[in-house]
Amino acid sequence: MSGQSASGARRSGADAASSAEAPVVEARGVGKVFPGVTANAGVDLAVRRGEVHALLGENGAGKSTLASILCGLYQPDEGTVLVDGRPVTLRNPRDGLARGIGMVHQHFRLVERFTVAENIVLGDRRQPLVLSAGRVRSAMVELGERYGLSIDPDARVGDLAVGEQQRVEITKMLYRGVDVLLLDEPTAVLTPQEADALFTTLRAMAADGKAVVLISHKLGEVLAVADRVTVLRDGRVVGAVAADATDRHQLATMMVGREVDLSPRRAQSPPGVAVLDVRGVSLRPPGRPARLAGVSLQVHAGEVVGVAGVAGNGQRELAEVVAGLRAPTEGTVVVAGRGTTGRGARAARGAGLAYVPEDRLGTGLAPSLSIADNLLLTRPLGFFVDRRTATADARCVIERFDVKATGPAAAVRGLSGGNVQKVLLGRELSDSCTVLVVASPTRGLDVGAIEFVRDLLDERRRGGVGVLLLSEDLDEIRALADRILVLFEGRIVLERAGGDADLTELGLAMAGAGA
Ligand SMILES: Nc1ncnc2c1ncn2[C@@H]1O[C@H](COP(=O)(O)OP(=O)(O)O)[C@@H](O)[C@H]1O
Ligand SMILES: [Mg+2]
């Protein structure tokens, strides 16, 4: 849902209004080299007032580096940064702020033990040392109303949820009077609802004449919220396009550098027998609200059933009950004809169920071992017999997922988080099973890897596996599911065929409308 429901937010029409106007901030021929890596090369970027300008690219494309140069955190090795048409030298973020440019980084730079108001004035040289609480407060109220950024000025930052902390960072930049706000992958830490609220804020800022640079690798949100999109790949600009003159396919292809097929995949043949039968499953912890309340569903051989829902509405519990990790208080689970209710994960696995939880780092990875050996860990066959296959499999996973590693012998410990996730998914999704339960399999992955995971799941479906796909991300669900169920407060509140599910209807059901 992230990004999609924000498409209702009005574009400011900034393109028409300000395309004649000079860019407020511009990069010309910007290059930046880190030891062994060219992070930016010959980058041109022009950001105008009144627009949300997306900087789109896969992990490692050079987005954060470019934004850090524009805000003064890094200095370019080559090229020029211009503000209002004039070349500038930004020696540090303070210089950037003095020119009206501020950045919200992926890792927030707030002082947890200070209050929101204190954080907002912290480091602001325009402020007298003893801060005028009243002034900060009234400024916060005004900014909150104007851009939809409400936060309690007296709350301790350490007590705030991550989405609220992000609002503090944004408010802080607005309080400093920035005209250009750079946000580095701001939705990575947000729920879909929070992301939509953020997009409304960004549109309001653009409508107010500010320039917003939104860094992202998510096509849906870029298309929903941006006016223009500059795509980076391997440190270079691949192209800059108007959001309403492009589409997912074009952007994905630009990002990845080859044809990428993200079109929905559905079952080609009618589904077979029920391989997963969940009946009247409830989970009612004593003295607390029910986590699941009478959930019934079936998954057939060769079918993908998507369960959409906002986190906290019972998806995790449903997956865990089905996978045998939790015993339901009522109801039954049958896997491939065998009753597995409350008999543990081993019984469910024995009946032919594979489970890929969302928390993939907790799923039995040995950091000190190589990628190949990690692929081998869960294989039932003998270690020595299978080593060569594992090396070949590892090569395949590395290549198809574009894992940044030196080869099958590279230790998992040395890989970045996203690359570890790719290795694990590659392992889990290639095991044989009758029923596959998988939670948010493409979350956080690059477009090329998303395509690969979708291919893998589609392949399993065509091989007759019944797939239960749980996700918060409607794009992910709609790309694969033959049937879509919406879970809200532990109940299935909507069922639709995958092909004709209406995004708005699904989104509303996820939010509990009509429940
Ligand atoms: N401070 C740094 N030191 C060394 N290498 C870096 C540093 N920052 C980024 N890089 C490298 O530069 C390249 C671009 O990184 P980055 O700008 O963070 O990409 P993105 O934000 O698009 O994921 C990557 O290969 C990354 O490993
Ligand atoms: Mg980055």
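Think of each chain on its own: its residues are numbered from 1, step by step along the sequence as written. Here chains are named by letter from A upward and ligands by number from 1 upward, in the order in which they appear as written. With pLDDT at 70 or above as the cut-off, local features in this predicted model cover only qualifying residues; side-chain atom pairs require 80 or more to be listed or tallied, and sums for whole chains, interfaces and linings still use all residues. Processing note: side-chain calculations cover all non-hydrogen atoms of the structure and skip hydrogens and water entirely.

Draft legend 1. Molecular detail of the pattern of salt bridges. Within this document, salt bridges are pairs made up of a side-chain nitrogen of Lys or Arg and a carboxyl oxygen of Asp or Glu, the two lying within 4 Å of each other. Within the structure shown, the criterion is met by 24 salt bridges. Salt-bridge contacts for R146 lead to E142; the nearest nitrogen and oxygen are separated by 2.6 Å. Pair noted here: R146 and E142 are both in helix α5 (residues 133-147), with a separation of four residues, about one helical turn. Three exposure classes are used, based on accessible area relative to the maximum for each residue type with a 1.4 Å probe and protein chains only: buried under 20%, partly exposed in between, and exposed over 50%. Looking at R146, the relative accessible area reads 43%, which means it is partly exposed. Residue R258 is joined to E451 by a salt bridge in which the shortest nitrogen-to-oxygen separation is 2.8 Å. Residue R258 is located in the loop between α9 (248-256) and β11 (274-283), and its partner E451 is located in helix α15 (residues 447-462); the two are separated by 193 residues in the primary sequence. Connected through shared salt-bridge partners, D458, R461, R462 and D482 make up one network. Here a strand is any run of E in DSSP of at least two residues, a helix any run of H or I of at least four, and the numbering for each starts at the N terminus.

Draft legend 2. Quick peek at the site of ligand 1. The cutoff for a nearby residue is simple: one of its non-hydrogen atoms must lie within 4 Å of the molecule or strand. Close to ligand 1 lie F34, V37, A39, E58, N59, G60, A61, G62, K63, S64, T65 and Y74, which account for all nearby residues. Backbone polar atom of A61 to an oxygen atom of ligand 1: 3.1 Å apart, as the coordinates give it. Pairing of N or O atoms within 3.5 Å defines a polar contact, subject to two protein rules: one partner must be a possible hydrogen donor and the other a possible acceptor, and residues neighboring in sequence count only if both atoms are side-chain atoms. In this structure, K63 approaches ligand 1 through a side-chain N or O atom, which is 2.8 Å from an oxygen atom. Per-residue and other accessible areas follow the Shrake-Rupley method at a 1.4 Å probe size, with only the shown protein chains counted as cover for residues. For ligand 1, the accessible surface in isolation is 550 Å², of which the surrounding protein chains cover 63%. Among the elements of the structure, β2 (37-47) and α2 (63-70) are those that each provide at least two residues to the shell around ligand 1. For the shell around ligand 1, the element with the highest residue contribution is α2, accounting for three residues. In the scheme used here, Gly and all other residues not listed as nonpolar or charged are polar, with Ala, Val, Leu, Ile, Met, Phe, Trp, Tyr, Cys and Pro taken as nonpolar and Asp, Glu, Lys and Arg as charged. The residue makeup of the shell around ligand 1, split by class, is five nonpolar, five polar and two charged.

Draft legend 3. Region of the structure containing the pairing of strand β14 (residues 330-335). Where β11 and β14 come together, five bridges link them in antiparallel fashion. Bridge pairing in β14 places L276 opposite V335. At least two DSSP bridges between two strands are needed for those strands to be called paired. Here two bridges tie β14 to strand β15 (residues 338-339), and the two strands are oriented antiparallel to one another. Along β15, the bridge assignment pairs V334 with G339. Linking β14 back to β15 in an antiparallel pair, the connection comprises two residues, with A336 at a positive phi of about 50 degrees.

Draft legend 4. Quick peek at the packing of aromatic side chains. Stacked, tilted and edge-to-face are the three classes assigned to paired rings of Phe, Tyr and Trp, where Trp is represented by its six-membered ring and a pair needs centres within 6.5 Å; plane angles under 30 degrees give stacked, over 60 edge-to-face, the rest tilted. One pass over the full model with this rule turns up one aromatic pair. A centroid spacing of 5.6 Å and a plane angle of 75 degrees characterise the contact between F34 and Y74, whose relative ring orientation is edge-to-face. Remark: Y74 occurs in the loop between α2 and β4 (78-83) and F34 occurs in strand β1 (residues 25-34); sequence separation between them is 40 residues. Y74 sits in the partly exposed class, given a relative accessible area of 30%.

Draft legend 5. Quick look at the sheet that holds β4. With antiparallel pairing, the four strands of this open sheet are ordered in space as β2-β1-β4-β5. Single-partner strands in this sheet number two, and they are β2 and β5 (86-88). Taken over all neighbouring pairs, the strand axes of this sheet differ in orientation by 30 degrees on average, direction set aside. For β4 and β5, the ladder comprises three bridges, and the chain directions are antiparallel. Paired with V83 across the strands is R86, a residue of β5. Along the sheet face, α2 touches β1, β2 and β4 and points at about 120 degrees away from the line of β1. Lines fitted to C-alpha atoms define the axes here, with helix axes fitted over just the stretch in contact, and angles between the N-to-C directions of these axes take values from 0 to 180 degrees. Contacts are residue-level and defined by heavy atoms, with any inter-residue pair within 4.5 Å sufficient.

Draft legend 6. Highlighting the sheet that holds strand β19 (residues 483-488). Taken in spatial order, the six strands make up an open sheet running β16-β17-β18-β13-β19-β20, and their pairing is mixed. Bordering the open sheet on either side are β16 (353-356) and β20 (491-497), each of which pairs with just one other strand. Sheet twist, expressed as the average angle between the axes of neighbouring strands with direction ignored, equals 15 degrees. Contacting β13 (304-308), β19 and β20, helix α17 (residues 503-510) runs over the sheet at an angle of about 30 degrees to β19.

Draft legend 7. Spotlight on the pairing of strand β7 (residues 180-184). For β7, the tally of buried residues reaches five of five residues, placing the bulk of the element in the interior. The pairing of strand β6 (residues 101-104) with β7 spans four bridges and is classified as parallel. Of the residues in β7, the one forming a bridge with M103 is L182. Two elements, β7 and strand β8 (residues 211-216), share five bridges in a ladder whose sense is parallel. Paired with V180 across the bridge in β8 is A211. Looking down the strands as they point away from you, a crossover is right-handed if its path from the first strand over the helix to the second goes clockwise. In this region the chain leaves β7, passes through helix α7 (residues 192-207) and returns to the parallel neighbour β8; the handedness of that crossover is right-handed.

Draft legend 8. Here's a closer look at α2. With seven of eight residues buried, α2 is to be regarded as a mostly interior element. The first or second residue beyond α2 is G72, which carries a positive phi of 95 degrees.

Draft legend 9. Spatial organisation of the environment of R491. Residue position: R491 is located in strand β20. On the basis of relative accessibility, which here comes to 48%, the residue R491 falls in the partly exposed class.

Draft legend 10. Examining the nonpolar core more closely. Ranked by internal contacts, the top residues of the largest apolar core, which has 100 residues, are V116, L202, V229, L251, F401 and L436. Per element, the largest residue contribution to this core is seven residues, and it comes from α15. Apart from the residues within four sequence positions on either side, V229 is in contact with H53, A54, L56, V222, G239, A240, V241, A243 and L251. Of all hydrophobic cores here, the second largest spans 29 residues; its members include V295, V299, A323 and L470. Here, the term nonpolar core denotes a set of buried Ala, Val, Leu, Ile, Met, Phe, Trp, Tyr and Cys residues that are joined through side-chain atoms within 4.5 Å.

Draft legend 11. Representation of unusual backbone geometry. Phi at E185 takes a positive value of approximately 45 degrees, unusual for a residue other than glycine. Tracing the backbone shows E185 in the loop between β7 and α7. Phi is positive for E489, close to 45 degrees, though the residue is something other than glycine. Using a relative accessible area of 54% as the deciding quantity, one classes E489 as exposed.

Function-wise, these values are silent; they only describe arrangement.
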